[in-house]
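Fold and contact review
Listed below, chain by chain, are the residues.
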Amino acid sequence: MASSSSGKHPRYRGIRCRGGKWVSEIREPRKTKRIWLGTFPTPEMAAAAYDVAVLALKREDAVLNFPGSIKSYPVPASMSALDIRDVVSVAGEFASDSGPRGRRRGW
């Protein structure tokens, strides 16, 4: 589950465990401000939400949790925090419906 006392997941970027649930957030490039992406029941859902946000903010420089799912993710209308938050819930649902989680483990 979580690694040591930090709560960070040992495999996925941009997520951590808090109170038994998985949370995801991302820092805006060249800013100290963070974008809260949400709380999710599984690490895969939180990681998929992070992937959508990092793609919107860093584009080709993005390091993804599920690179094989890049074409399946929704694209925010802009790089604004509001637009990114609007689409991460869709990515979380995608992950819960055997999306990246299923493909990553080969189910």
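Residues numbered from 1 in each chain as written. Predicted model: local features only at pLDDT ≥ 70, side-chain atom pairs only at ≥ 80, totals over all residues. Heavy atoms only, no water.

**Quick look at the pairing of strand E1 (residues 15–18)**
On E1, burial follows the alternation: Ile15 and Cys17 on one face are buried, whereas Arg16 and Arg18 on the facing-out side are not. In this structure, the hairpin formed by E1 and strand E2 (residues 21–27) is closed by a connection of two residues, where Gly19 is found at a positive phi of approximately 65°. (Buried < 20%, exposed > 50% of the residue type's maximum accessible area, 1.4 Å probe, protein only. Helix = DSSP H or I, 4+ residues; strand = E, 2+ residues; numbered from the N terminus. Pairing = 2+ DSSP bridges.)

**Side note on the nonpolar core**
In this structure, Ile26, Ile35, Leu37 and Ile84 are the most contacted members of the largest nonpolar core, which totals 27 residues. Broken down by secondary-structure element, the contributors of at least two residues to this core are E1, E2, strand E3 (34–40), helix H1 (43–58) and helix H2 (81–96). In terms of residues, this core owes the most to one element, H1, which gives eleven residues. If we skip the residues at most four places from it in the chain, Leu37 touches Ser24, Glu25, Ile26, Ala49, Tyr50, Ala53, Ile84 and Val88. (Core = buried A, V, L, I, M, F, W, Y, C linked by side-chain atoms within 4.5 Å. Contact = heavy atoms within 4.5 Å.)

**Concerning the side chain of Thr42**
Looking at where Thr42 falls in the secondary structure, it is placed in the loop between E3 and H1. By relative accessible area, Thr42 is classed as buried at 18%. Polar contacts involving the side chain of Thr42 include one to the main-chain amide nitrogen of Met45, which spans 3.2 Å. (Polar contact = N/O pair within 3.5 Å; in protein donor to acceptor, adjacent residues only side chain to side chain.)

**Brief notes about the pairing of E2**
Within a regular strand, side chains alternate between the sheet's two faces. For E2, the buried fraction is high: five of the seven residues fall into the buried class. The sheet contact formed by E1 and E2 spans four bridges and is antiparallel. From the neighbouring strand, Ile15 faces E2, where its bridge partner is Ser24. Sheet topology note: the E2/E3 ladder contains six bridges and is antiparallel. Its bridge partner lying in E3, Ser24 is registered against Gly38. Here E2 folds back onto E3, and the loop between the two strands holds six residues, one of which, Arg30, carries a positive phi near 60°.

**Description of the packing of aromatic side chains**
Going through the model one piece at a time under the given rule, you end up with one aromatic pair. Geometrically, the ring pair formed by Tyr12 and Phe66 is tilted, given 5.3 Å between the ring centres and 50° between the ring planes. Of the two residues, Tyr12 sits in the segment before E1 while Phe66 sits in the loop between H1 and H2, which places them 54 residues apart along the sequence. Owing to a relative accessible area of 6%, Tyr12 belongs among the buried residues under this scheme. (Phe/Tyr/Trp six-rings, centres within 6.5 Å; stacked < 30°, edge-to-face > 60°.)

**Some remarks on the sheet that holds E3**
Taken in spatial order, the three strands of this open sheet run E1-E2-E3, and their pairing is antiparallel. Each end of this open sheet is capped by a strand with a single partner; those strands are E1 and E3. On average, each strand axis in the sheet is inclined to that of its neighbour by 30°, with strand direction left out of account. Contacting E1, E2 and E3, H1 crosses the sheet at an angle of about 10° to E2. (Axes fitted to C-alpha atoms, helices over the stretch in contact; angles between N-to-C directions.)

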